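Overview (structure and organization)
Next come the chains, spelled out residue by residue.
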Amino acid sequence: MATAHSPKIVTDNLEICLDPKDPNSLSSTSSTTIKSTGRKLSNGAPITGAIQNGGAATGDSFSSRYIDYDGTNDKINLGTGEDVFRSDKKAFSIECWYYPGTTGNSVYTLGRARGSSTLREIDLFDNETNFYLYLTSDTGNAVCTLTMSFPQVNGSYTGRWHHNVVTCESTAASNGVKLYEQGELYDQGTMSSYSHNYGSSTKSFELFGSSSSSYGFQGRSGLFRYYSSVLTADEVMSNYNSSKSLYGF
């Protein structure tokens, strides 16, 4: 663990790291592929995400680089749940920096944002009224739904960079699902049952947009990380402190 005065990112069980500010992850603003600097595929190639339908990197230097989305059908497609999630480690943490330009956004989805329960398995989004995290079982039944007010940075949700971390334990333990904003616990809930394995899902894992015709993402995205473990509150805060200066904090 890092000390408070010298925060370091957590590297244990870090599986996927997509970082527009890292030239090893996104080599140029013309690239339509972002590469993970974390786990590699069995053939030694990096896990990659396809920047699709008009999403584009922008920024004169790597320190100012992010990916921009127009809200229509832009997204980063990471492949299926089988490609992304570890099937032998069901616990996970997903971390991202995002900047909503408006409300009505899909931050990420395994399946389809705002689709019926049979179409989605993990869904982090807002519907212009509330902010939601939605998790289902293998059979499409909702097992945890967090309904929240919009997180605020300097009094606003839109036009601000947000640091979000979702953690999920591999059991139906009390408050085994947690959502953090800006390094602090924002909401939590308990799985009604734990029967899913997102690592066996054949549905697409889509970042900052969705195949849903009515649910895109308008704004910017930065760092994305997936861990095959549950980050502690201290680890979430350490990750936030290690990168917040890059996003204007």
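Just so it is clear, the model here is predicted, and its values are computed rather than measured.

Rules used in this analysis
Residues numbered from 1 in each chain as written. Predicted model: local features only at pLDDT ≥ 70, side-chain atom pairs only at ≥ 80, totals over all residues. Heavy atoms only, no water. Helix = DSSP H or I, 4+ residues; strand = E, 2+ residues; numbered from the N terminus. Contact = heavy atoms within 4.5 Å. Pairing = 2+ DSSP bridges. Buried < 20%, exposed > 50% of the residue type's maximum accessible area, 1.4 Å probe, protein only. Disulfide = S-S within 2.5 Å. Salt bridge = Lys/Arg side-chain N within 4 Å of Asp/Glu carboxyl O. Core = buried A, V, L, I, M, F, W, Y, C linked by side-chain atoms within 4.5 Å. Axes fitted to C-alpha atoms, helices over the stretch in contact; angles between N-to-C directions. Phe/Tyr/Trp six-rings, centres within 6.5 Å; stacked < 30°, edge-to-face > 60°. Lys NZ or Arg CZ within 6 Å of the ring centre and 35° of its normal. Lys, Arg positive; Asp, Glu negative; His and termini not counted. Polar contact = N/O pair within 3.5 Å; in protein donor to acceptor, adjacent residues only side chain to side chain.

Time to look at the environment of Ser 25. With respect to the helices and strands, the residue Ser 25 is situated in the loop between strand E1 (14-18) and strand E2 (33-40). Look past the residues within four positions of Ser 25 in its chain and what remains in contact with it is Cys 17, Leu 18, Asp 19, Thr 33, Ile 34, Lys 35 and Thr 37.

Moving on to the pairing of strand E5 (residues 66-70). Both strand E4 (residues 56-58) and E5 contribute to a ladder of 3 bridges, which runs antiparallel. From the neighbouring strand, Ala 56 faces E5, where its bridge partner is Asp 68. Inspection of the sheet shows E5 paired to strand E16 (residues 218-227) by 4 bridges, in the antiparallel sense. Residue pairing for E16: Tyr 69 is matched across the bridge by Gly 219.

On to the side chain of Asn 239. Among the secondary structure elements, Asn 239 is positioned in helix H2 (residues 233-243). Overall, the relative accessible area of 0% leaves Asn 239 in the buried class. Other than its neighbours up to four places away in sequence, Asn 239 contacts Lys 8, Ile 9, Val 10, Glu 95, His 163, Arg 225, Tyr 227 and Leu 231.

Here the focus is the state of the cysteines. Summed over all chains, the structure comprises 0 disulfides. Of all cysteine sulfurs in the structure, the one in Cys 96 sits closest to Cys 17, which takes part in no disulfide; the separation is 12 Å.

Turning our attention to H2. The complete set of buried residues in H2 reads Glu 235, Val 236, Ser 238, Asn 239, Tyr 240 and Ser 243. Of the surrounding secondary structure, the elements contacted by the buried residues of H2 are strand E7 (92-100), strand E12 (162-168), strand E13 (177-181) and E16.

Right, let's get into the pattern of salt bridges. Summed over all chains, the structure comprises 6 salt bridges. One salt bridge connects Glu 206 with Lys 75, and the closest N-O pair in it is separated by 3.0 Å. With a gap of 131 residues between them, Glu 206 in strand E15 (residues 204-207) and Lys 75 in strand E6 (residues 75-80) connect regions that are remote in the sequence. As far as burial versus exposure is concerned, Glu 206 and Lys 75 are alike and both buried.

Burial of nonpolar side chains together is a common tendency in soluble globular proteins. Counting 44 residues, the largest nonpolar core has Phe 85, Tyr 108, Leu 135, Phe 205 and Phe 224 as the members making the most contacts within it. For Phe 205, the contacting residues outside a window of four places in its chain are Ile 76, Asn 77, Leu 78, Gly 79, Thr 80, Val 84, Phe 85, Ile 94, Tyr 108, Thr 109, Leu 110 and Phe 224. One finds Trp 97, Tyr 99, Trp 161 and Val 165 within the second-largest nonpolar core, a separate group that totals 15 residues.

Attention now goes to the sheet that holds strand E10 (residues 131-136). If you walk across this open sheet you meet the 8 strands as E2-E3-E6-E15-E8-E9-E10-E11, and the pairing is antiparallel. With partners counted over all chains shown, the strands left at the sheet margins are E2 and strand E11 (142-148), one partner each. Strand-to-strand twist of the sheet, defined as the mean angle between neighbouring strand axes without regard to direction, takes the value 20 degrees. When E2 meets strand E3 (residues 46-52), the two strands line up antiparallel, connected through 4 bridges. Looking at E3, one finds that Thr 33 is bridged to Ala 50.

To continue, consider the packing of aromatic side chains. A complete count under the given rule lists 20 aromatic pairs for this structure. Here the aromatic rings of Phe 85 and Phe 92 are separated by 5.7 Å at their centres, their planes lie at 75 degrees, and the arrangement is edge-to-face. Taken individually, Phe 85 and Phe 92 each receive the classification buried, so the pair is uniform in this respect. Taken together, the ring pairs connect Tyr 66, Trp 97, Tyr 99, Trp 161, Tyr 240, Tyr 247 and Phe 249 into an aromatic cluster. One cation-aromatic arrangement involves Arg 120 over Tyr 134; the distance from NZ or CZ to the ring centre is 3.7 Å. Here the basic side chain of Arg 220 rests over the ring of Tyr 99, its NZ or CZ set 4.3 Å away from the ring centre.

Mapped onto the elements, Lys 178 comes out in strand E13. Comment: no salt bridge for buried Lys 178; closest opposite-charge side chain is Glu 169, at 4.6 Å. A polar contact is formed between the side chain of Lys 178 and the backbone oxygen of Asn 175, at a distance of 2.6 Å. Lys 178 has contacts with Val 165, Val 166, Thr 167, Leu 185, Asp 187 and Gln 188, leaving out every residue within four places of it along the chain.

Read these as layout, nothing more, since geometry by itself doesn't imply function.
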